[in-house]
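Listed here are the chains, written in short residue letters.
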Amino acid sequence: MSKQFDVIVIGGGPGGYIAAIRAAQLGKNVACVDEWKNSTGGPAPGGTCTNVGCIPSKALLQSSEHFEQASHHFADHGISVSSLKMDAAKMVARKDAVVKQNNDGILYLFKKNKVNFFHGRASFVKVAEGGYEIKVSGAAEETLLGQQIIVATGSNARALPGTPFDEANILSNEGALRLTTVPKKLALIGSGVIGLEMGSVWRRLGAEVTILEGLPDFLGAVDQQIAKEAKKVFEKQGLKIELGVKVGEVKVSKKGVNVAWTNAKGEAQTLEADKLIVSIGRVPNTIGLNAEAVGLKLDERGAIVVDADCRTNLPGVWAVGDVVRGPMLAHKAEEEGVAVAERIAGQHGHVNFNTIPFVIYTSPEIAWVGRTEQQLKADGVAYKAGTFPFLANGRARALGDTTGMVKMLADAATDEILGVHIIGPMASELIAECVMAMEFRASSEDIARICHAHPSLSESTKEAALAVDKRTLNF
């Protein structure tokens, strides 16, 4: 006998668990199925983000940042530290504890919101009267029947062609987060978010880090003024960044990993490293979903095909997050999950793709929302630009972190904010004001006229807005 639900959510990552909770808040009888396991085999909801992505990487970044501060910057504050040591295994154990707290928090939220949780892998069985039959394969096999199905199965790391991950020497984000000793030499292929964040962690702890990037430009999706500043800073910190490379054969030996590559000039090179992290993007995870059993349409990438409202080709089946089009970001998945739950309940869910923020949690942090200067030029949009350096910000000076700037782009005719790009301390927090401003179609003058607390980093946002009109007060 099938257990019947109004809504079944497949996947308990940011898109899935949020969708399940919101649907339950709206009065639906909801089930959420997730197969992630912790070290003891118990449930570990939260998906890639909580288990091997956003949360654990931030924990390691925080620990390594403390170490770097103690190693190089405490003396500036009059703090003397002797015999400084780093216990990488303990750092990773703390990371694991942070992950478990988040796993347990989601299970608590399910209980609080009366979401029925099933631990196992969900797959479509067939179209049934009243909805869709879903099989849960786990410790105890279950058959569920759902009127509405939300697929939120996330994504997997993309491997180099012919070079699978072994998570011992050739690492995805999962293996990179499990390292318990500092490699002397670390190679990374790909200079995206994961590559830069993991490279930063192990560079701070003493690894010699080389990043091989196939594209000719560093951080091509980022405003190039910000990207150039970032490259300069990262190289000064000790990251070796090679652009426009072609990666050849990768060999694993007892000594480590050997990477053959060709530089931008076409010269053959060899890179010897203890470990190799491959960070060349992610692919939608539809393996084992049994989409063909119900005729669920996938594209050539394996992503589920959806319309602007996350509807699939099947009535009553929706999909959100990394498994569909759009940026692979946890907060994008959450917004889609909420919107779909509200649409199922007859409301009008809303996701504005033009105001989704992006963040790279390096030091300095990089965050942006809206269009870059190069995009505006390509689109033929007349714009005004204003920048303000953290070097001229009192709070940044007091923090001892004056790297970077805030850059604001506004329409030349209407002054509507079209994009904001930040590199510097706490950029991930500063971008929120800019997202809200753009969501309400504010002008740069609006932010320039708002009182910002002094001394605060947020004053740099106000000053960048003033700079659009060429009237900064502190620079």
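As the structure is a prediction and not an experimental result, all values here were calculated from the model. (Residues numbered from 1 in each chain as written. Predicted model: local features only at pLDDT ≥ 70, side-chain atom pairs only at ≥ 80, totals over all residues. Heavy atoms only, no water.)

## Topic: unusual backbone geometry
Part 1: Cis geometry marks the peptide bond from Ser363 to Pro364; its omega dihedral reads 5°.
Part 2: Here Pro364 is to be found in the loop between strand E17 (358-360) and strand E18 (365-370).
Part 3: Even without being glycine, Asp415 reaches a positive phi, approximately 70°.
Part 4: Its location among the elements puts Asp415 in the loop between strand E20 (405-411) and strand E21 (417-424).
Part 5: Residue classification places Asp415 among the buried residues on the basis of a relative accessible area of 13%.
Part 6: Its identity is not glycine, yet Lys470 carries a phi of approximately 60°, on the positive side. (Helix = DSSP H or I, 4+ residues; strand = E, 2+ residues; numbered from the N terminus. Buried < 20%, exposed > 50% of the residue type's maximum accessible area, 1.4 Å probe, protein only.)

## Describing the sheet that holds strand E8 (residues 185-189)
Part 1: Reading across the sheet, the five strands line up as E7-E14-E8-E9-E10 and stay open at both edges, with parallel pairing between neighbours. If you trace the sheet from one side to the other, it starts and ends with strand E7 (170-171) and strand E10 (240-242), each paired once.
Part 2: Strand direction decides the pairing type here: E8 and strand E14 (residues 275-278), joined by four bridges, are parallel. Within E14, the position partnered with Ile189 by the bridge is Val278.
Part 3: Across the sheet, helix H6 (residues 193-204) touches E8, strand E9 (208-212) and E14, and the angle it forms with E9 is around 165°. (Pairing = 2+ DSSP bridges. Contact = heavy atoms within 4.5 Å. Axes fitted to C-alpha atoms, helices over the stretch in contact; angles between N-to-C directions.)

## A short note on the layout of surface pockets
Part 1: Its boundaries defined by the atoms lining it, the second largest pocket holds a volume of some 1000 Å³.
Part 2: Among the elements of the structure, helix H3 (54-72), helix H7 (224-237) and helix H10 (394-399) are those that each provide at least two residues to the lining of the second largest pocket.
Part 3: Element by element, the count of residues in the lining of the second largest pocket is highest for H3, at seven residues.
Part 4: In terms of residue class, the lining of the second largest pocket is built from eight nonpolar, twelve polar and eleven charged. (1 Å grid on protein atoms, 1.4 Å probe; cavity = no way out; pocket = protein on both sides within 12 Å on 5 of 7 lines; lining within 4 Å. Points joined across faces, edges and corners; volume = space filled by probe spheres on them. Nonpolar A, V, L, I, M, F, W, Y, C, P; charged D, E, K, R; others polar.)

## Remarks on the pairing of strand E3 (residues 116-128)
Part 1: Taken together, the four bridges between strand E2 (residues 30-34) and E3 define a ladder with parallel strand orientation. Bridge pairing links Val33 to Phe118 in E3.
Part 2: The pairing of E3 with strand E4 (residues 131-138) spans eight bridges and is antiparallel. Each residue of the ladder has a partner; that of Arg121, found in E4, is Ser137.

## Description of H6
Part 1: Given a rise of 1.5 Å per residue, twelve residues ought to cover 16 Å, and the 17 Å separating the end C-alpha atoms of H6 matches this to within 8%.
Part 2: With ten of its twelve residues buried, H6 lies for the most part within the structure.
Part 3: Among all positions of H6, only Gly195, Leu196, Glu197, Met198, Gly199, Ser200, Val201, Trp202, Arg203 and Arg204 are buried.
Part 4: Taken from the residues just after H6, Gly206 is the one with a positive phi, measuring 115°. (Expected span 1.5 Å × (residues − 1).)

## What about the pattern of salt bridges?
Part 1: Tallying each qualifying case throughout the model produces 25 salt bridges.
Part 2: The salt bridge partner of Glu68 is Arg203, with a shortest N-O separation of 2.7 Å. Of this pair, Glu68 sits in helix H3 while Arg203 is found in helix H6, placing the two residues 135 residues apart along the sequence. Assigned by exposure class, Glu68 and Arg203 land together as buried.
Part 3: Residue Lys332 pairs with Glu336 through a salt bridge whose shortest N-O separation is 3.1 Å. (Salt bridge = Lys/Arg side-chain N within 4 Å of Asp/Glu carboxyl O.)

## With respect to the environment of Thr262
Part 1: Considering the arrangement of structural elements, one finds Thr262 in strand E12 (residues 256-262).
Part 2: Along the chain, Thr262 and Leu430 lie 168 residues apart, while their C-alpha atoms are 39 Å from each other.
Part 3: Ignoring sequence-local partners within four residues, the contact set of Thr262 consists of Gly244, Val245, Lys246, Glu267 and Ala268.

## Examining the sheet that holds E18
Part 1: Ordered by their spatial adjacency, five strands build an open sheet running E17-E18-E21-E20-E19, and the pairing between neighbours is antiparallel. Edge positions in the sheet fall to E17 and strand E19 (383-389), since each of these pairs with one other strand and no more. Sheet twist, expressed as the average angle between the axes of neighbouring strands with direction ignored, equals 10°.
Part 2: Pairing of E17 with E18, which is carried by three bridges, proceeds in the antiparallel orientation. Residue pairing in the sheet places Phe358 in a bridge with Trp368 of E18.

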